[in-house]
Number of protein chains: 2
Amino acid sequence: MHAPDGDRLAALAALLADPTRAQMCLALLDGRAWTAGELARHTGVGASTASDHLSRLVGGGLLAQERQGRHRYVRLADTRAAHLVETLAAQAGPAPAGERPRSLRTASADRALARARTCYDHLAGRLGCAVTEAMTHRGLLRQDTGFALTDAGLAWFAEQRIPLPRTGRRPLVRACLDFTERRPHLAGAAGAALCRHALERKWCVPAGTGRALKVTDHGEHLWREALGIDAAALR
Amino acid sequence: MHAPDGDRLAALAALLADPTRAQMCLALLDGRAWTAGELARHTGVGASTASDHLSRLVGGGLLAQERQGRHRYVRLADTRAAHLVETLAAQAGPAPAGERPRSLRTASADRALARARTCYDHLAGRLGCAVTEAMTHRGLLRQDTGFALTDAGLAWFAEQRIPLPRTGRRPLVRACLDFTERRPHLAGAAGAALCRHALERKWCVPAGTGRALKVTDHGEHLWREALGIDAAALR
DNA sequence: GCGACGCTTCGGCCGCCACCGCACGGTGCG
DNA sequence: CGCACCGTGCGGTGGCGGCCGAAGCGTCGC
């Protein structure tokens, strides 16, 4: 006999306790919607197997799906689900260097990810941490007694013409532990707004098929102007 | 073939994907060290089964153990592990009312837990949320732009003679989503210090064998004096 | 020293589940 | 209309893991 709470916790954890499902959720951390076939090929399992996994993840509330024609698009259900995957992935940590198969391809992909990437809907990697660090250093973000924007920080967002949604249940600011840097970076609604702004204005652009980002030439100038970040030093 | 990160995430999730192990971790959220036998009885499995589960949890880094004589004491490894269990449990949520076996015993135990309890090492339940709410209302805690103590909040801790450790990698303040209230309450080093202070000064005392707390008569006066909290209204 | 007790190790059993191949229905395209 | 394609349902298979009971080991107390 088990306590109901234990059963529910176990059921939730079981969704991520399979390597294939875990890898699917990690792929979906890029914030986009993938088709079932894409995820099947990405994880290297048959279509029927992937379909089964996706049904379980959707049923468990971790994923949301939309059907369009003959495609089944699937994405992380909400920011809470994304936060959950992030938290567990951060705790699990990257595989020790010796364990992972090294090749020129994967090594350079890893370096690109460590440099700059999205984490669901906000900036991560060295770029994300540099942004967080710079905002803290300039008194826009307070980290010594928690993790919150200061009044100067609010003014900075207004100055940059980055709209901050004050509505909704989503917290404005949240700390997200960076996979590779092992330091917190800015998440929450403000982190998402900043990321969207940077992508729209082409301060950085997606690099490759995954979550990696690349700072553009004119973005390099703008990052320095806005926050004093030397993007070249991130390489 | 799976990405190493996916495998590691799955391995971590698998630790909590079993109802018995999940219930063990929930029990350990009270912050105390339990013996293997206590956990075996609590979860209703045989001693050998419990031993096996504990070995896996320790091996996975979620639990830490100390052997004393013929006893094996086990506790959550660190605040990160506790935070992980809390996060998953909050996301899993309480079982719908219809599903759980109702009895007078469990119903009154549930009410006691909802009123006031510890959450690993800080205050939770209606009491924990009331404390957080009161601190926010008094300008000691800022929740509108994140979750951080204000300068007035730091002064309040000093005034109350509650020592705040400024050392260590543990964040001073963290928001922890309350199981029952579905609102954030104060966690982190400051939350733990406040809880320790309240227990030492007998503002509240453990009630029963679990994590439930009870506000004492003289505590009722002190909560009002310190933060304007009407402890009687929590009942 | 001897029994009681707490925990662990070892087999063995059983059920669950991840996976595949195949057949089928539904959609889009020519 | 017919073909290509994406996704789903089903039966079967293999392996992993949760569970127990029994035997063994160390510790504590009398």
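Since this is a predicted model, take the numbers as computed values, not measurements. (Residues numbered from 1 in each chain as written. Chains lettered and ligands numbered in written order. Predicted model: local features only at pLDDT ≥ 70, side-chain atom pairs only at ≥ 80, totals over all residues. Heavy atoms only, no water.)

## Section: the state of the cysteines
Disulfide: a covalent bond connecting the sulfur atoms of a pair of cysteines. All names here are of chain B. Per the stated rule, a full pass over the model turns up 0 disulfides over all chains. Cys195 carries a free sulfur, and the closest cysteine sulfur to it, the one in Cys204, is 6.6 Å from it. Given a relative accessible area of 1%, Cys204 falls into the buried group. (Disulfide = S-S within 2.5 Å. Buried < 20%, exposed > 50% of the residue type's maximum accessible area, 1.4 Å probe, protein only.)

## A short note on the interface of chain B and chain A
Chain B puts 53 residues into the contact, and the matching count from chain A is 53 residues. Between chain B and chain A the total buried area reaches about 4400 Å² when both faces are included, carbon and sulfur atoms providing 60% of it. Joining chain B to chain A, the criterion identifies 2 salt bridges. In this structure, B:Arg142 engages A:Asp151 in a salt bridge whose closest nitrogen and oxygen atoms are separated by 2.8 Å. Counting every contact that joins chain B to chain A gives 9 residue pairs in polar contact (both at pLDDT 80 or more). Elements that contribute at least two residues to the side of chain B that touches chain A include exactly helix 1 (4-16), helix 2 (19-28), helix 5 (79-92), strand 7 (146-149) and helix 8 (151-159) of chain B. It is helix 1 of chain B that provides the largest number of residues to the side of chain B that touches chain A, a total of 11 residues. (Contact = heavy atoms within 4.5 Å. Buried area = accessible area lost by both parts, 1.4 Å probe. Salt bridge = Lys/Arg side-chain N within 4 Å of Asp/Glu carboxyl O. Polar contact = N/O pair within 3.5 Å; in protein donor to acceptor, adjacent residues only side chain to side chain. Helix = DSSP H or I, 4+ residues; strand = E, 2+ residues; numbered from the N terminus.)

## Here we look at the pattern of salt bridges
Residue and element names in this part refer to chain A. Counted by the stated rule, this structure contains 20 salt bridges over all chains. Among the ionic pairs, Asp121 bridges to Arg170, the shortest N-O distance being 3.0 Å. In this pair, Asp121 sits in the loop between strand 4 (117-119) and strand 5 (122-124) while Arg170 sits in the loop between helix 8 (151-159) and strand 8 (174-177), placing the two residues 49 residues apart along the sequence. The class for Arg170 is partly exposed, based on a relative accessible area of 29%.

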